[in-house]
Structures are given as C-alpha cells and as structure tokens.
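Listed here are the chains, written in short residue letters.
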Amino acid sequence: RPTVSSDGAVDLETHILDYGGDLYGRTVTVRFSARGRAETKFESAEALRDAVKEDIAAARAYFAKEGRL
C-alpha cells in the first residue's frame, strides 16, 4: 500500500512466500530486490486474487533465477 502518512512514514504490505509463522509484534526487515507491478485498482475481489497469484508466480520465478528460492 503506497500510502504516505503526514509524518513521512511509508506503509508497506509484504507477502512472505512459504512462511506460516506469526510475526505480529516482531520487527521484520524488508529488503527490496525488484519492483513488482504498479499500484492497481481492481474491479473485483476475484481480479485481485488472480493478480496476487500472478505476483507470487513472478516472485518465485525471479528468486529462482537469482538462486534464492
């Protein structure tokens, strides 16, 4: 979510592939490796789900190519 608060902080949503633990209340460091798709408004929840599936496939392909998955 590319929203910027009045104090200059940036909100960020991430998807951690193949992780099933609980990270609430923990500090997580996120390092950017490549840019995904641009911010998009979807017509339906189904369209959003389809885009997320494509994003995950693209991320897996990227990290596999980089030897990091």
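Residues numbered from 1 in each chain as written. Predicted model: local features only at pLDDT ≥ 70, side-chain atom pairs only at ≥ 80, totals over all residues. Heavy atoms only, no water.

At Asp 18, a residue that is not glycine, the phi angle is positive and equals roughly 60 degrees. Relative to the helices and strands, Asp 18 is located in the segment before helix H1 (45–65). (Helix = DSSP H or I, 4+ residues; strand = E, 2+ residues; numbered from the N terminus.)

Moving on, we come to a nonpolar patch on the surface. Where nonpolar side chains cluster on the molecular surface, the patch consists of Leu 12, Ile 16, Tyr 19, Val 28, Val 30 and Phe 32 and spans about 580 Å² of accessible area. Considering the arrangement of structural elements, one finds Tyr 19 in the segment before H1. Accessibility expressed as a relative area gives 41% for Tyr 19, which makes it partly exposed. (Patch = residues over 30% accessible without salt bridge, like charges linked within 9 Å, V, L, I, M, F, W, Y side chains within 5 Å. Areas by Shrake-Rupley, 256 points an atom, 1.4 Å probe, with all protein chains shown as cover. Salt bridge = Lys/Arg side-chain N within 4 Å of Asp/Glu carboxyl O. Buried < 20%, exposed > 50% of the residue type's maximum accessible area, 1.4 Å probe, protein only.)

A few words on the pattern of salt bridges. The tally for this structure, following the rule as stated, stands at two salt bridges. The residue Asp 18 makes a salt bridge to Arg 60 at a minimum N-O spacing of 2.9 Å. Separated by 42 residues along the polypeptide, Asp 18 in the segment before H1 and Arg 60 in helix H1 bring together distant segments of the chain. Overall, the relative accessible area of 62% leaves Asp 18 in the exposed class. A salt bridge links Arg 37 to Asp 55; the nearest nitrogen and oxygen atoms lie 2.8 Å apart. Within this pair, whereas Arg 37 is found in the segment before H1, its partner Asp 55 is found in helix H1, the two being separated by 18 residues in sequence.

So far we have only geometry, and geometry alone does not tell us how the molecule works.
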